[in-house]
Amino acid sequence: MLDPDIILDFLVGAFQSMPQVLLALGNDPTQIIGHKYLYGKEHSLAKTLFESSSPSVVVAFANLIGGNFSGMTVNKYQFEVYIKPKNAAPTTGSPAYSPPHLWYLMMTSPVIVVDPLVTNPGTLDIRHIRLMANLLPPDLVTNLRHQQDPTGADLFCGQIQFPEQGDN
Amino acid sequence: MSFFDTVSAVDATILATFTEKQVTIHDPQGLALDVTVDCIVKNPVFEEDYVPGSSPGPTNLWLFIRIDNPLFTQYVPAMGGGATYGGVDYNISRVDVDREGGATLVLLKRSQPWGQ
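Residues numbered from 1 in each chain as written. Chains lettered and ligands numbered in written order. Predicted model: local features only at pLDDT ≥ 70, side-chain atom pairs only at ≥ 80, totals over all residues. Heavy atoms only, no water.

### So, the confidence of the model for chain B
In this model, chain B carries a mean pLDDT of 90, and residues with pLDDT of at least 70 account for 100%. This complex was scored by the predictor with a pTM of 0.90 and an ipTM of 0.85. (pLDDT = per-residue confidence, 0-100.)

Okay, here's the thing in structure tokens:
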């Protein structure tokens, strides 16, 4: 079994290493944040999402799914990626990207940052690379669904899950 | 001042009395000049950890203004526009207008300054 918080750190680092994704977020890697459930109600996921500015990406661990998936997979770590879109105004400045397009960029851009124990040619996207030793590439099937925050603004939630190799 | 004149001046009087900081509305097209008006901070859906008007300020900020303010000559605050309150730049997510010319601006903090 692996530590979901460590996988989260590598996932956030992977997204932060994508130049096109950063461009959509104003070249500010601090707008891609990982939410860890450290402080209970004092800092819940709902509060983090409510307090995330525009544009921003919040990555949070969602589920540890156990099962008999294949001869070498018994655990899958599921993460949710919340995307708040950038406002199109003003007409000057960096362009706005729709959240679906940003999710596409996140899934198809080459990943630079992974576990040093893993071979990384720097040309593979996140769906075809291992972020950590003992972690397989994520399931090719991902999800992206629309929802709204408490103020009625658009919010998109992407889901990606990583199978663990074996059970340590 | 007659009673009726007093009543008609209630909005302006309350705004002038309870405005701590004014809000600056930006033209979404970036062409016209900014407009600065009085405003009152309202309670949002959830309260946050920062005082409105401070730095970095809350992410969600709800302001009451007079949308029929005569200063709005070339544009009025609208969804998708921008505003600055206490030195912090916000996007205008929603404008809820009442029948008497008052409006609530629902603001969401921008990650980058207005114009970037």
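### Points about the interface of chain B and chain A
Residue-level contacts link 23 residues of chain B with 23 residues of chain A. Carbon and sulfur atoms make up 52% of the area that chain B and chain A hide from each other, which totals about 1800 Å². On the surface where chain B and chain A come into contact, there are one salt bridge. Between Asp-49 of chain B and Lys-47 of chain A there is a salt bridge, with the nearest N and O atoms lying 3.0 Å from each other. Across the contact surface, chain B and chain A share 15 residue pairs in polar contact (both at pLDDT 80 or more). Listed by contribution, the elements that provide at least two residues to the side of chain B that touches chain A are strand 4 (60-66), strand 6 (88-97) and strand 7 (102-109) of chain B. Tallying contributions element by element places strand 7 of chain B first for the side of chain B that touches chain A, with three residues. (Contact = heavy atoms within 4.5 Å. Buried area = accessible area lost by both parts, 1.4 Å probe. Salt bridge = Lys/Arg side-chain N within 4 Å of Asp/Glu carboxyl O. Polar contact = N/O pair within 3.5 Å; in protein donor to acceptor, adjacent residues only side chain to side chain. Helix = DSSP H or I, 4+ residues; strand = E, 2+ residues; numbered from the N terminus.)

### Things to note about the sheet that holds strand 4 (residues 143-148) of chain A
Paired through backbone hydrogen bonds, the strands of a sheet run either parallel or antiparallel to each other. Residues and elements named next belong to chain A. Strand order in the open sheet formed by five strands is 1-2-3-5-4, with mixed pairing between adjacent strands. Both outer strands of the open sheet, strand 1 (32-35) and strand 4, are each paired with one neighbouring strand and no more. Sheet twist, expressed as the mean angle between neighbouring strand axes with direction ignored, is 30°. Two strands pair when backbone bridges link them, and strand 1 and strand 2 (residues 56-70) are joined in this way by four bridges, in the parallel orientation. Residue Ile-32 lies in a different strand from strand 2, and its bridge partner there is Val-57. (Pairing = 2+ DSSP bridges. Axes fitted to C-alpha atoms, helices over the stretch in contact; angles between N-to-C directions.)

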